[in-house]
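Structure assessment
Residues per chain, in single letters:
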Amino acid sequence: MSNLNDKESNRVKYFNAQILYMKGQLDEAIEILDQMLNENPKNTEYLLTKANYCFVADKFYEAEETFLKAFKLKGNVKTFPTYLRLGYIFLARKAWGDARAVLAKSCEMKPNSSISWLGLGIACLRTGEFSEGEQALNQANLYDPLNSEIWGYLALLCLTDGGRVVQAHQAIREMLKCEIKNNTLLEELADKLNNISKNEDAKTLYKKILENYQANNVPISSNPGDIYCKIGKLYHNEDNLKEARRFYSEALNYLENESEKERIEYILSEIRNAIELAAINGN
């Protein structure tokens, strides 16, 4: 009777954890699963559920640890979804070699999975295996041609592997058609374009980052003020002083570092003086 009561109690707890997860209360859901695992540490269902919840909560180290515990137990836990999640955990942790190995396995298990090929392509890009990375990204693109991140990473690979600017530009054009929301990828692409003086493309991507941030509340890995400064500098280098002033001025609303704010204020004073001098000279 006691055993039946324990099983019923666990079912209720597990159901409650799922409800909390659906409500977005991830920490509370994980706490319940931890309690259950204290009593049943070798329950693979609980382990995999906790690992998935930790993954969604961006608790990547805990998710990895929990997945690996499940892998060591007997049972059919080495499934495609498990390999896929673990591969993306390694990507998030920048463990590129581990990500490559695990995602290659997920591609074998489900060859038509665009997200597996995308992950493998990213891992190969980061390890410098550009040919393999391009093959994987092209495969991903074949299965999901409207995925903006696939186009974005193809562009990044082209820029990284020998500066294939024309191909990168084509991929960026397709990426923007698909409404890219990944601001981290956008900033990496924009910085690379900025470094090779592809100013118009760089400005387009920096402005897309700000659009995502303002309209869709998509987070920016750096301070929004840094993006405004990068755009301001591009306009400044082109002697478009009015646009440079506009973006530098907006940057001051976001910058937190006092020395950086002072630097931008000094640049703005120089721009104002240059604009006034041009007006006096009739330019």
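Residues numbered from 1 in each chain as written. Predicted model: local features only at pLDDT ≥ 70, side-chain atom pairs only at ≥ 80, totals over all residues. Heavy atoms only, no water.

We now examine helix α7 (residues 114–126). Compared with an ideal rise of 1.5 Å per residue, which puts 13 residues at 18 Å, α7 spans 18 Å between its outermost C-alpha atoms and is within 8% of the ideal. Counting buried positions along α7 yields 11 of 13 residues, so the element is predominantly enclosed. Taken together, the buried positions of α7 are occupied by Ser114, Ser116, Trp117, Leu118, Gly119, Leu120, Gly121, Ile122, Ala123, Cys124 and Leu125. Taken together, the buried residues of α7 touch α5 (80–92), α6 (96–109), α8 (130–143) and α9 (148–160). At the C-terminal side of α7, glycine 128 shows a positive phi close to 80°. (Helix = DSSP H or I, 4+ residues; strand = E, 2+ residues; numbered from the N terminus. Expected span 1.5 Å × (residues − 1). Buried < 20%, exposed > 50% of the residue type's maximum accessible area, 1.4 Å probe, protein only. Contact = heavy atoms within 4.5 Å.)

This part covers the packing of α6 against α7. Close contact between α6 and α7 brings their axes to 8 Å; oriented N to C, the two are set at 150°. Between α6 and α7, the crossing angle belongs to the class labelled roughly antiparallel. As α6 packs across α7, the resulting crossing turns out to be left-handed. Within the contact between the two elements, α6 uses Trp96, Ala99, Arg100, Leu103, Ala104, Ser106 and Cys107 and α7 uses Ser116, Trp117, Gly119, Leu120, Ala123, Cys124 and Arg126. Each residue belonging to the contact of α6 with α7 can be placed in one class, and the counts come to nine nonpolar, three polar and two charged. (Axes fitted to C-alpha atoms, helices over the stretch in contact; angles between N-to-C directions. Parallel < 35°, antiparallel > 145°, perpendicular 65-115°, else oblique. Left-handed = near helix turned anticlockwise from the far one by under 90°. Nonpolar A, V, L, I, M, F, W, Y, C, P; charged D, E, K, R; others polar.)

It is worth spelling out the packing of aromatic side chains at this point. A full pass over the atoms with the stated rule returns eight aromatic pairs. Centroid distance tyrosine 213 to tyrosine 254: 6.4 Å. Interplanar angle 70°. Geometry classified as edge-to-face. Residue tyrosine 213 is found in helix α12 (residues 199–216), and its partner tyrosine 254 is found in the loop between α14 (241–251) and α15 (258–280); the two are separated by 41 residues along the sequence. Aromatic side chains tyrosine 235 and phenylalanine 247 sit 5.7 Å apart centroid to centroid with 20° between the ring planes, which places their arrangement in the stacked category. Highlighted residues: tyrosine 235 in helix α13 (residues 224–237) and phenylalanine 247 in helix α14, separated in sequence by 12 residues. Aromatic ring contacts, followed pair by pair, group Tyr213, Tyr228, Tyr235, Phe247 and Tyr254 into a single cluster. (Phe/Tyr/Trp six-rings, centres within 6.5 Å; stacked < 30°, edge-to-face > 60°.)

Looking at where threonine 82 falls in the secondary structure, it is placed in helix α5. The class for threonine 82 is buried, based on a relative accessible area of 5%. Setting aside anything within four residues of it in sequence, one finds threonine 82 in contact with Leu48, Phe67, Phe71 and Val77.

Formed by 87 residues in total, the largest nonpolar core has its most connected members in Leu118, Tyr153, Met175, Leu189, Leu205 and Tyr206. Sort the elements by how many residues they give to this core and α9 lands first, with nine residues. Contacts of leucine 189, omitting those with residues within four sequence positions, involve Gly152, Ala155, Leu156, Leu159, Met175 and Leu205. (Core = buried A, V, L, I, M, F, W, Y, C linked by side-chain atoms within 4.5 Å.)

Glancing now at the pattern of salt bridges. On inspection of all chains with the given rule, the structure shows 19 salt bridges. Taken together, the shared-partner salt bridges in this structure form one network comprising Glu179, Lys181, Lys208 and Glu211. (Salt bridge = Lys/Arg side-chain N within 4 Å of Asp/Glu carboxyl O.)

On to the confidence of the model for the chain, then. Detailed reading of the predicted coordinates is not advisable wherever pLDDT is low. In the predicted model, the chain carries a mean pLDDT of 91, and 96% of its residues have values of at least 70. Model confidence for the chain, summarised as mean pLDDT per element, is weakest for helix α1 (residues 2–22) at 76 and strongest for α7 at 98. (pLDDT = per-residue confidence, 0-100.)

A few words on α9. An α-helical turn contains 3.6 residues, so a residue and the one three or four places further along point in the same direction. In this model, α9 (13 residues) spans 18 Å end to end at C-alpha, consistent with the 18 Å of a helix rising 1.5 Å per residue. When you tally the buried positions in α9, you get 11 out of 13 residues, the bulk of the element. Buried residues along α9 sit against α7, α8, α10 (165–177) and α11 (183–195). The distance from a side-chain oxygen at the start of α9 to the backbone nitrogen of glutamate 149 is 2.9 Å, and the residue carrying that oxygen is asparagine 147. (Polar contact = N/O pair within 3.5 Å; in protein donor to acceptor, adjacent residues only side chain to side chain.)

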